[in-house]
Each structure stands twice: as C-alpha cells, then as structure tokens.
Amino acid sequence: MSKETDSPRLRLAVQKKGRLADDTFDLLAKCGLKVRHGRSRLFARIEELPIDVLLVRDDDIPELVASGAADAGIVGGNVFEEDRLTRDGVGAVIADALGFSRCRLCVAVSKGETYAGPAYFSGKKVATSYPGLLQSWLEERGVTDAQIVLMHGAHEIAPRLGLADAICDIVSTGATLDTNGLKVADTIYRSEALLIAAPGLDVAKAEILGALKGRMRGALASQHAKYVMMNAPRSAIPAITAVLPGADSPTILELAGEGDMVAIHSVCNEDVLWEHLAELKSVGASAILVLDIDKMLN
Ligand code: ATP
Ligand code: MG
C-alpha cells in the first residue's frame, strides 16, 4: 500500500450550501486550506492538511459526527445544542467555538400582547423547530405547561393561522416577524458556529484536528482583533477595562500636562462594536480610535 492510503485523513462534515457554508469556506480559505472539487459533490479534498470534507445539510452534522461517520464538523450552536438536548446516548463534543455565523434564537409573540416574562407562556402553544432548546429554557424558568408545536419552517404564520400563540425561531433583523405582526419577547439562545468532534477520536486524527484548530484560531484572532486607543481620567481605568471586548491588560500612558488624564491602549480580541464605543464614552473615555491589526503572533 502507498504511504498516501496508509496515513489517516480527518473527515470533516460541513454545510454544503447555506448561511453557515459561506462563512465556513471563508474561514477554511483564511486558514490557507483550499477545498478542491467544488461544493456540488458530496466529498471534497484538502491538500494542505490531511482532511476530506463531507458536504451535507447542517441538520445532519451532529449525528454524522456523534456516530463517527465523520470525525469532526462545523455546525451552528443552535443545531448542536438542539441535538444534544434531544438525543439518547453519547453525542459529539465541542472542540472550539468559532465566533462566526452568530444568530439568536428568540421567542416572539403578537405585537399587541404584553410580555412581562417567561410565565407568559404558561398554558400557551409555541410553534418551533427547536423543541429541545425551547423546553429546557421554559423548564429552567418554571414553565412546565406550555405546549410545543413542532414545525419545520414558516413559523411566522402559525399565530395568524391559529396554530400557535407564539413562535420560537432564529431572528436576524426582525423584519420577517414585523411583517407577520410579531415582536421578539425574549432571547432563549445565542448561537455561533462550533467545531465539533467525534467522541474518542484516535490519537492520529486528534492531531490533525489540533492542527486545524490551531490554524482556525490564528485566522480568527487576527480577523477580529483591533487596536483600541483612547484618553480617559485615571479613575475610569477599571470601568473601561471591563467594557473592552476580549482585551488583555491595557497599556496606560501618561498624557503630558493633562493632570489626571491618561492614554489607554489595548488589543481587543473580539469585534469592537459601536455599542462598545458608546459605553466607553459613557464611562469617561474620549478621543477613541479603533485600528485594524494586520498580523498578530502570540
Ligand atoms: P440546510 O439546507 O443545510 O439544512 P438550513 O436552511 O437549515 O440549511 P441556513 O439558513 O443555511 O440553514 O442556516 C444555517 C445556520 O446558520 C443556522 O442553523 C444558524 O446556526 C446560522 N445562522 C446565522 N445567521 C443566521 C440567520 N440570520 N438566520 C438563520 N440562520 C443563521
Ligand atoms: Mg438545516
């Protein structure tokens, strides 16, 4: 047998087409990994690392990985958690959180309703394709008598059709809810893409997974990292440090002739949003600058 067939290859299940697929292929490209054979077939090959890519529906990824048919996979936390909560037996394990394809799973009610908390759902019917996540959220909040109506799409019309009083689904802008006379009542789960692995991977495959994870970490770190600078009174340093997303200890520099004022410099390892800048300002920061980082080596 040739060395090629002897050496183990990691079988990685990814979404063939869809919201997760675009981000997944982008990330693999940023890791210097080219997926050959196009996306239309079931299998593709990566040459730079010993990895075969299995192109599938996202809903199938947790089971493929749990059963060992695939060694690893990239899937939304929403799909992974739903599988974990509803499966008998051992599931896949989380190898890393990847920070992309972020979305939230929300419960939504008719616009005219007054929502004062989860107790609202007591005795109500809720349409969802996430019965596991919804039920565990409700139970953790003491609601045990809601009725879950399983639907696999078009949840938004369920209340108008009298099929349910409320829905539980992924929400991005809220525009679809709005068009259907609904509003977000609560967020029940915040999702991001996860790298998952089969339970009990052998040493050789675990090593390939480790190499993949290392490249992904490197690619994601420089993608989100920002260099943030601002001025602030010395007394505001603790409040500012608490707001900076994913920051290491900041560098504090004296500002010549400015008395109590200092310059604060920090690398933030997560997205720095406008909301963060507004918060920084409200705790005393001024002249805030956010700069891109080209390369980073820790
Ligand atoms: P498939 O054909 O593979 O079953 P799908 O239609 O179930 O695809 P997509 O709409 O492509 O799924 O979404 C895949 C995943 O992308 C979701 O499960 C979720 O983790 C993530 N995602 C990120 N943003 C959004 C969003 N705005 N709406 C829906 N899903 C999102
Ligand atoms: Mg799907």
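Quick note: structure is the one above.
Definitions and cut-offs
- Residues numbered from 1 in each chain as written.
- Chains lettered and ligands numbered in written order.
- Predicted model: local features only at pLDDT ≥ 70, side-chain atom pairs only at ≥ 80, totals over all residues.
- Heavy atoms only, no water.
- Helix = DSSP H or I, 4+ residues; strand = E, 2+ residues; numbered from the N terminus.
- Buried < 20%, exposed > 50% of the residue type's maximum accessible area, 1.4 Å probe, protein only.
- Polar contact = N/O pair within 3.5 Å; in protein donor to acceptor, adjacent residues only side chain to side chain.
- Near = heavy atom within 4 Å.
- Areas by Shrake-Rupley, 256 points an atom, 1.4 Å probe, with all protein chains shown as cover.
- 1 Å grid on protein atoms, 1.4 Å probe; cavity = no way out; pocket = protein on both sides within 12 Å on 5 of 7 lines; lining within 4 Å.
- Sits in = over half its atoms within 2 Å of the grid points.
- Lys, Arg positive; Asp, Glu negative; His and termini not counted.
- Salt bridge = Lys/Arg side-chain N within 4 Å of Asp/Glu carboxyl O.
- Contact = heavy atoms within 4.5 Å.
- Pairing = 2+ DSSP bridges.
- Axes fitted to C-alpha atoms, helices over the stretch in contact; angles between N-to-C directions.
- Phe/Tyr/Trp six-rings, centres within 6.5 Å; stacked < 30°, edge-to-face > 60°.
- Lys NZ or Arg CZ within 6 Å of the ring centre and 35° of its normal.

Colleague: Looking at this structure, I do not really get the side chain of Asn-180. What am I missing?
Modeller: As for its position among the elements, Asn-180 is in the loop between α6 (175–179) and β11 (182–191). Owing to a relative accessible area of 14%, Asn-180 belongs among the buried residues under this scheme. Side chain to side chain, Asn-180 and Arg-160 meet in a polar contact 2.7 Å long.

Colleague: Is there a simple way to explain the site of ligand 1 in this structure?
Modeller: Surveying the vicinity of ligand 1 reveals 15 residues, the closest of which are Gln-15, Arg-19, Arg-57, Asp-59 and Asn-78. When isolated, ligand 1 has an accessible area of 630 Å², and the protein chains bury 76% of it. Among the cavities detected, the one that contains ligand 1 is the largest pocket. Residue assignment for the shell around ligand 1 shows that the elements contributing at least two residues are α2 (19–30) and α4 (77–86).

Colleague: What's the story with the side chain of Asp-58 in this structure? I'm lost.
Modeller: Looking at the secondary structure, you find Asp-58 in the loop between β4 (51–56) and α3 (61–66). One buried charged side chain, Asp-58, makes no salt bridge at all; its nearest oppositely charged neighbour is Arg-57, positioned 5.1 Å away. Setting aside chain neighbours within four positions, we find Asp-58 in contact with Gln-15, Leu-20, Val-75 and Val-79.

Colleague: Could you clarify how one ought to interpret the pairing of strand β5 (residues 72–76) in this entry?
Modeller: Working note: regular strand, side chains alternate between the two faces of the sheet. With 5 of its 5 residues buried, β5 lies for the most part within the structure. A two-sided burial pattern is seen for β5, the buried positions comprising Ala-72, Ile-74 and Gly-76 on one face and Gly-73 and Val-75 on the other. Summarising the sheet, strand β1 (residues 10–15) and β5 pair through 2 bridges and their orientation is parallel. Residue Ala-13 lies in a different strand from β5, and its bridge partner there is Gly-73. Across 5 bridges, the pairing between β5 and strand β12 (residues 193–197) is antiparallel. The partner of Gly-73 across the bridge, within β12, is Ile-196.

Colleague: What exactly am I supposed to notice about the pairing of β12 here?
Modeller: Most of β12 is tucked away, with 5 of its 5 residues classed as buried. A two-sided burial pattern is seen for β12, the buried positions comprising Ala-193, Leu-195 and Ala-197 on one face and Leu-194 and Ile-196 on the other. In terms of strand pairing, strand β6 (residues 93–97) meets β12 through 4 bridges, oriented antiparallel. Bridge pairing links Ala-97 to Leu-194 in β12.

Colleague: Can you walk me through the sheet that holds strand β15 (residues 261–268) in this structure?
Modeller: In sheet architecture, strand pairing relies on hydrogen bonds along the backbone and comes in two forms, parallel and antiparallel. In space, the 4 strands of this open sheet follow the order β14-β15-β13-β16, with antiparallel pairing throughout. Each end of this open sheet is capped by a strand with a single partner; those strands are β14 (251–254) and β16 (286–292). Averaged over neighbouring strand pairs, the angle between their axes works out to 20° when direction is ignored. In this structure, strand β13 (residues 226–233) lies alongside β16, joined through 5 bridges in antiparallel fashion. Note that in β16 the partner of Met-229 across the bridge is Leu-289.

Colleague: For this particular structure, what's the right way to read the packing of aromatic side chains?
Modeller: Two aromatic rings, taken as a pair, are described by how far apart their centres are and by the angle between their planes. This structure, assessed with the given rule, holds 4 aromatic pairs. Ring centres 5.6 Å apart and planes at 55° place the aromatic pair Tyr-115 and Phe-121 in the tilted group. Since its relative accessible area comes to 0%, Phe-121 is described here as buried. An angle of 85° between the planes, with centres 5.2 Å apart, marks the rings of Tyr-120 and Phe-121 as edge-to-face. Tyr-120 sits in the buried class, given a relative accessible area of 13%. Among the aromatic residues, ring-to-ring pairing joins Tyr-115, Tyr-120, Phe-121 and Trp-137 into one connected group. Directly above the aromatic system of Tyr-120 lies the positively charged group of Lys-124, at a separation of 4.3 Å from the ring centroid.

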